[in-house]
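Report on the structure
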Amino acid sequence: MGSAEFDRTAKCLYIDSHIVTYGNAVDEQLTRIMREEIECMWNEPNARLYFDEEEYQLIFRITADYKPHIEPEEILGNTDPRCNYFRVEKFAQGNISFVDGIGCNTGYFLLENLYTGSTTAAHEYGHTIGLEHPTHLDLRGKGTPGIMYPRGTLVDAPFQYNPEARAGDGSNGGTMHPMHRRVLPSDIELLRLDRLSPDRPILGEFTSIWHPDHSTLTGNDFFPA
Ligand SMILES: [Zn+2]
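My aim in this report is to walk through the structure given alongside it, one point at a time. None of the values given here were measured: they were computed from a predicted structure.

Take a probe with the size of a water molecule and roll it over the atoms, and the empty space left behind shows itself. If you walk through the whole model with that rule in mind, you get 1 cavity of 30 Å³ or more. In this model, the largest cavity occupies a volume close to 30 Å³. As for the largest cavity, its lining consists of Ile33, Met34, Glu37, Leu114, Tyr115, Ser118 and Ala121. Per-element tally for the lining of the largest cavity: the top contributor is helix α1 (residues 28-43), with 3 residues. Here the residues of the lining of the largest cavity are counted per class, giving 5 nonpolar, 1 polar and 1 charged.

This paragraph deals with the coordination of the zinc ion. For a metal with four tetrahedral donors the ideal donor-metal-donor angle is 109.5 degrees, while six octahedral donors give ideal angles of 90 or 180 degrees. The zinc ion binds to the protein through His123 (NE2), His127 (NE2) and His133 (NE2); the donor distances cover 2.0 to 2.1 Å. Donor residues for the zinc ion sit on one chain with the sequence pattern H-x3-H-x5-H. Here His123 and its partner His127 are both found in helix α3 (residues 120-128), 4 residues apart, which amounts to about one turn of the helix. Take His123 and His127: they sit in the same class, and that class is buried.

As a packed pair, α1 and α3 sit with axes 8 Å apart at the nearest point and diverge in direction by 65°. By the angle between their directions, the pair α1 and α3 is classed as roughly perpendicular. For the element pair α1 and α3, the recorded crossing hand is right-handed. Where α1 abuts α3, its residues Met34, Glu37, Ile38, Met41 and Trp42 lie against Thr120, Ala121, Ala122, Tyr125 and Gly126. Taken together, the residues of the contact of α1 with α3 sort by class into 7 nonpolar, 2 polar and 1 charged.

Spanning 16 residues, α1 covers 23 Å between terminal C-alpha atoms, matching the ideal 22 Å at 1.5 Å per step. Regarding α1, the residues found buried are Leu30, Thr31, Met34, Glu37, Ile38, Met41 and Trp42. All buried residues of α1 lie within an arc of 125° about the axis, which places them on one face of the element. Exposed residues on α1 whose side chains face more than 90 degrees from its buried face are Glu28 and Cys40. On its buried face, α1 sits against β2 (12-22), β4 (54-66), β5 (83-89), β7 (106-110), α3 and α4 (185-190). N-capping of α1 is provided by Asp27, with a side-chain oxygen placed 3.2 Å from the backbone N of Gln29.

Residues Leu49 and Phe51 of strand β3 (residues 48-51) are buried on one face, while the alternating residues Arg48 and Tyr50, pointing to the opposite face, are not. Bridging between β3 and β4 involves 4 bridges; their strand directions are antiparallel. Counterpart to Phe51 in the pairing with β4 is Glu54. Counted between consecutive antiparallel strands, the loop separating β3 from β4 contains 2 residues, among which Asp52 sits at a positive phi close to 50°.

Roughly 290 Å³ of internal volume is contained in the largest pocket. Taken together, 17 residues line the largest pocket, and the ones lying closest to its centre are Ile96, Ser97, His123, Glu124 and Arg151. Contributions of two or more residues to the lining of the largest pocket are made by β6 (98-99) and α3. The element contributing the most residues to the lining of the largest pocket is α3, with 4 residues. Its residues placed into classes, the lining of the largest pocket shows 5 nonpolar, 8 polar and 4 charged.

Cut-offs used in this document
Residues numbered from 1 in each chain as written. Predicted model: local features only at pLDDT ≥ 70, side-chain atom pairs only at ≥ 80, totals over all residues. Heavy atoms only, no water. 1 Å grid on protein atoms, 1.4 Å probe; cavity = no way out; pocket = protein on both sides within 12 Å on 5 of 7 lines; lining within 4 Å. Points joined across faces, edges and corners; volume = space filled by probe spheres on them. Helix = DSSP H or I, 4+ residues; strand = E, 2+ residues; numbered from the N terminus. Nonpolar A, V, L, I, M, F, W, Y, C, P; charged D, E, K, R; others polar. Donors = N, O, S within 2.8 Å, 3.2 Å for Na, K, Ca; no water. Buried < 20%, exposed > 50% of the residue type's maximum accessible area, 1.4 Å probe, protein only. Axes fitted to C-alpha atoms, helices over the stretch in contact; angles between N-to-C directions. Parallel < 35°, antiparallel > 145°, perpendicular 65-115°, else oblique. Left-handed = near helix turned anticlockwise from the far one by under 90°. Contact = heavy atoms within 4.5 Å. Expected span 1.5 Å × (residues − 1). Arc of directions from axis to C-beta. Polar contact = N/O pair within 3.5 Å; in protein donor to acceptor, adjacent residues only side chain to side chain. Pairing = 2+ DSSP bridges.

Below, the structure is given as structure tokens:
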């Protein structure tokens, strides 16, 4: 989730988001890595947009805070559209990182998905500001994968986990390695920033879910009787 601000003097459109991390597998350093990845990757296209026939530079301004002791009430009570709350743990039910919808401000990340250069934080951030996975997941012949392609996407050999593997041979590394994803100009277009309402210049919605550590849940918590 993020808040947009037009600076008509500087001719900039800022997207401001604040990342708050909590959980047992995150610290100041990992929070910094996540922040830098999101900001660097989303600014990489160096996008320029036109509003009222004037050119604006699009700039993502991402800040972050590590809050290990955050209370559920703080997340539930938050009314700042810049704030996103991500739990980070070594274990996740389903063994995947996720956010709570397309256009949201909360989620749960697996530590093993967050190594430097993983692009996981930038991908999940894309979901929070409204982007879905593409429907066509065969990118062979089309070059660099965009940031919103999910694991399992078919790509040209250099972008696979194992460039030697046959495309689609998942057990042998024949699918996209997430570290090759990039935010492309086409990803920026999909944000439809031209549709931003001046009255509510916000990307995403409040989901405001505080997540428990999945390793502490019992079967009954997942499948209530
Ligand atoms: Zn995804």
